[in-house]
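Structural features, examined
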Amino acid sequence: MKILDIQTGRISLPLARPFKTALRTVETLNDIVVKVVTDEGVGYGEAPPTAVITGDTEGSILCAVRDYIRPALLGMDVMDLPAVMARLNGCLVHNTTPKAAVDMALYDLWARAQKQPLYRLLGGARERFRTDLTISVNPVGQMVEDSLDAIGQGFDILKIKVGKEGEKDVERVCAIREAVGPNVKLRVDANQGWEAREAVRIIRAMEDKGLDLDLVEQPVPAADLDGLEFVTRSVSTPILADEAVFSERDAAEIIRRGAANLINIKLMKTGGIWGALKICRLAEENGVECMIGCMLESRLSVAAAAHLAAGQKIITRADLDGPSLCAIDPYSGGPAFDGPAIAMRGDFGVGVTGVPCKTWNEGM
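Okay, so let's go over this structure. Nothing here was measured: the structure is a model prediction, and the numbers come from that model.

Digging into the side chain of Lys99
- Along the chain, the position of Lys99 falls in helix H3 (residues 96-113).
- For the buried residue Lys99, which engages in no salt bridge, the nearest side chain bearing the opposite charge is Asp56, 9.1 Å off.
- Excluding its chain neighbours within four sequence positions, the residues that come into contact with Lys99 are Ile69, Leu88, Asn89, Leu92, Val93, His94 and Gly271.

Dropping the structure here:
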């Protein structure tokens, strides 16, 4: 299966409501899509510009694909996956987002050539699982309303964005817990918004109020591993490392230090499925459970993450709410996303078709 071209395009999808975190506010999903063209078919991937986390902008993604990745991979055989991935990951030092888009397109092609859904080739751990839904940072009343709306849609796991106003975050989570009751699982995501001692104070306050949190995600800045370790050792609530873990090396250091209890895998941080599998293997060897997450992505790339989650038993939690955050879903095929329920189907590869991109920029 010879790679003939790698093309890029754009998709734009409105969000159901503005997405607000401690780092940014977004109203429309604007992502780059990638098409890998071979002599036997095409595979698709998606790259969301998320400069505040990955450093990747729309311009850097397009440049990386056009000027580095495409020339490096042309003529290679997709079925020699180790060689193709070595070339993909060796042609640029960072740029994990464009690598991820090409990586998932390659896995799509690789699995379809074997007439298998991708998740079966990745381990086949499960055929269905549930995701949480993100509740954006807003005034307390709005967050309570959004939480109740999510419960009405069938979600029983909520990820609450905090990290902008310190102690007021305790009030936010208290109000949501009171509104949704004890049977809804609550996760809290500070998006690096607290300092270490502040994080301990806030998390302990939540514990003292009996809020029964499933986890707290990335409470401190990504580079502050000392602070992350301090928080993890000072509270009872499980701490999830997100922005602090891009690579297998990052995960190994987190595990060595005991700096977090859990690791959040996102394809846009790992450079795709190939790098994510390395973290999964390391985590399994050390008994550290993982969550699968996503950036602001459409069903095109979230489907690839879902295949990874369904393949790997060490991934025990899912934050794959990208399709639910979008106001429309123009795709067909691939995993079924029904509110909180994600079910794998028999489509070969990743399975998503009907990519809403009318103009593809062919390689120069």
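Details of the environment of Gly43
- The residue Gly43 is located in strand S3 (residues 41-47) in this model.
- In this structure the C-alpha to C-alpha distance between Gly43 and Val352, which are 309 residues apart in sequence, comes to 9.3 Å.
- With residues up to four places along the chain from it excluded, the contact list for Gly43 reads Val34, Lys35, Val36, Ala105, Asp108, Leu109 and Arg112.

What to know about helix H11 (residues 273-286)
- Along its 14 residues, H11 runs 20 Å from first to last C-alpha, staying within 8% of the 20 Å computed at 1.5 Å per residue.
- Inspection of H11 places Ile273, Gly275, Ala276, Leu277, Ile279, Cys280, Leu282 and Ala283 among the buried residues, and these make up the whole buried set.
- Gly287 sits one or two positions beyond H11 and adopts a positive phi of about 65 degrees.

Description of the packing of helix H7 (residues 196-208) against helix H8 (residues 225-234)
- Running from N to C, H7 and H8 cross one another at 25 degrees; their axes reach a closest spacing of 9 Å. In terms of orientation, H7 and H8 fall into the roughly parallel class. H8 is crossed by H7, and the crossing has right-handed handedness. Seen from H7, the contacting residues are Ala196, Arg197, Ala199, Val200, Ile203 and Arg204; seen from H8, they are Gly227, Phe230, Val231 and Ser234.

Focus on a negative patch on the surface
- Residues Asp39, Glu40, Asp77 and Asp80 make up a contiguous surface patch of negative charge.
- The residue Glu40 is located in the loop between strand S2 (25-38) and S3 in this model.

As for unusual backbone geometry
- Notably, Lys115 is not glycine yet its phi reads approximately 55 degrees, a positive angle.
- The class of Lys115 is exposed, set by a relative accessible area of 57%.
- Residue Gln192 is not a glycine yet carries a positive backbone phi of 70 degrees.

The rules behind each value
- Throughout, a residue's number is its position along its own chain's written sequence, starting from 1.
- Selection of residues for local features in this predicted model requires a pLDDT of at least 70, selection of side-chain atom pairs for listing and counting requires 80 or more, and totals for whole chains, interfaces and linings are taken over all residues.
- Only hydrogens and water are set aside when side-chain values are computed; all heavy atoms of the structure are taken into account.
- We count a stretch as a helix when DSSP gives it H or I for four or more residues in a row; a strand needs E for two or more, and each element gets its number in order from the N terminus.
- Only protein chains enter the calculation, and the probe is 1.4 Å; a residue is then buried if its accessible area is under 20% of its type maximum, exposed if over 50%, and partly exposed in between.
- In summary, the charge assignment counts Lys and Arg as positive and Asp and Glu as negative, without counting His or the chain termini.
- Salt bridge, as used here, is a side-chain nitrogen of Lys or Arg placed within 4 Å of a carboxyl oxygen of Asp or Glu.
- Any pair of residues with heavy atoms lying within 4.5 Å of one another is described as a contacting pair.
- A helix's residues, less one, multiplied by 1.5 Å, set its expected span.
- To obtain an axis, a line is fitted to C-alpha atoms, over the contacting stretch when the element is a helix, and the angle between two such axes runs from 0 to 180 degrees between their N-to-C directions.
- For this classification, under 35 degrees means roughly parallel, over 145 means roughly antiparallel, 65 to 115 means roughly perpendicular, and everything else is oblique.
- For any helix crossing, the convention is left-handed if the near helix is rotated counterclockwise from the far helix by under a right angle, and right-handed if that rotation is clockwise.
- Like charges are joined within 9 Å and nonpolar side chains (Val, Leu, Ile, Met, Phe, Trp, Tyr) within 5 Å, but only among residues with over 30% relative accessible area and no salt bridge; these make up the patches.
- We get accessible surface area from the Shrake-Rupley algorithm with a probe of 1.4 Å; when it comes to residues, only the shown protein chains can shield them.
- A charge is said to be at NZ when it belongs to Lys, at CZ for Arg, at CG for Asp and at CD for Glu.

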